[in-house]
Amino acid sequence: MILLHQFFESTTNRYPELIAVNDHGEKTTYSSLECYSNRLANYINKLKHRSKMRIIIFTEKNLNQYISLLASLKSGNCWVPIQVNQPKDRLKILFSTINPELVITEKDFDNKLSFFKGSVINLSREDIKKKLSKISNKKLDIEINPQDLAYIIFTSGSTGIPKAVTVSHENSFFFLDEMKNQFSLKRKMNFAHFSELTFDPSIFDIFVCWMSGGTLIPFNRNSYKINPLIFFQNFRINVILCVPSLFNKIKLIDSKFQSLCFKKIKYLIFTGEKINKKLV
């Protein structure tokens, strides 16, 4: 049994120069992402001198998010994703539930967290970038057990206060190991990162991609939400796990799905909603 981040590290060891992330043409190799995340993990370790913390990731869906979740795992902690567009009252509820010691964020999002008195690492700040550039990119040697938490996500809270759901490395291993059996995945396949990190399907998007030597492509622009066809035309997506309504929206634009970009899809996996018979 291996730990969640070791699915990524195993691919990095074998294929360091493959592209791990392609964010609108900004391509990051596995080896580069490994170095970035190791630096941040070492910085977290120096800052806090302990593991098994709950680290909130308060970023958009981009390279900073991927660096943050890997660094959280590599430093022996677990990540808790929170979307940056949450109202302050809800943020306070989520923070009080988790009681985190550290937040990793970017841009000016830390301004929304004035109520939080713990440590904040803002990856967009020049002083943080400078500190990280001087820190070792070697992997930390920390004892992590499969039963330790890998991440925590919240339920939607539609029936009241959101509830935190804990997921261990062991839970994640069994899921990802089963995905190996279910899908025939080749290296260099393009995976859409469709779900937000606050939803469990993102684990499929991110780690099934990385464990198979694929390239992760974040679905992270408003233009894609308005016209998803643009996303598929810009990138040769081979694997996507999404809600059926995404393709219902495409059907309004390309009624017979005749665009050549759809020929690149090897696995189209629907979840989360009832599937319309006509769409099938």
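Calculation criteria
- Residues numbered from 1 in each chain as written.
- Predicted model: local features only at pLDDT ≥ 70, side-chain atom pairs only at ≥ 80, totals over all residues.
- Heavy atoms only, no water.
- Helix = DSSP H or I, 4+ residues; strand = E, 2+ residues; numbered from the N terminus.
- Buried < 20%, exposed > 50% of the residue type's maximum accessible area, 1.4 Å probe, protein only.
- Contact = heavy atoms within 4.5 Å.
- Areas by Shrake-Rupley, 256 points an atom, 1.4 Å probe, with all protein chains shown as cover.
- Lys, Arg positive; Asp, Glu negative; His and termini not counted.
- Charge placed at Lys NZ, Arg CZ, Asp CG, Glu CD.
- Core = buried A, V, L, I, M, F, W, Y, C linked by side-chain atoms within 4.5 Å.
- Pairing = 2+ DSSP bridges.
- Right-handed = clockwise from strand over helix to strand, strands pointing away.

> Could you give me a rundown of the overall build of the chain, with the residues and numbers involved?
When helices and strands are counted, the chain shows 10 helices and 12 strands. The principal-axis extents of the C-alpha atoms in the chain amount to approximately 55 × 45 × 35 Å. Looking at the 280 residues of the chain, the share that counts as buried comes to 51%. A sequence separation of at least 24 residues applies to 68% of the contacts in the chain between residues at least 6 apart. Total accessible area computed for the chain in this model is approximately 13,800 Å², and 48% of it derives from carbon and sulfur atoms. Averaging the locations of the 40 positively and 24 negatively charged side chains of the chain gives two centres separated by 5 Å.

> So what's going on with the nonpolar core? Residues and values would help.
Counting residues in each nonpolar core, the largest one holds 54 residues, and the members touching the most others are L40, L69, W79, F207 and W210. Among the elements that line this core, the one with the most residues is helix α7 (residues 201-211), at eight residues. Residues contacting W210, with those up to four places away along its chain left out, are F7, F8, T11, A20, V21, Y30, L33, Y66, L69, L70 and L216. Membership of the second largest hydrophobic core comes to 19 residues, among which are I217, L229, F232 and F262.

> Describe the pairing of strand β12 (residues 267-270), and please don't skip the residues or the numbers.
Taking every second residue as pointing to the same face, the buried face of β12 carries Y267 and I269, while none of L268 and F270 on the other face is buried. With four bridges connecting them, strand β11 (residues 239-242) and β12 associate as parallel partners. By the bridge assignment for β12, V239 is matched with Y267. A crossover connection joins β11 to the parallel β12 through helix α10 (residues 244-253); in handedness this β-α-β unit is right-handed.

> Tell me about the side chain of E34, and please be specific about residues and values.
Tracing the sequence through the fold places E34 in helix α2 (residues 30-48). Apart from residues lying up to four places away in sequence, E34 is in contact with F8, E9, T12, K74 and K139.

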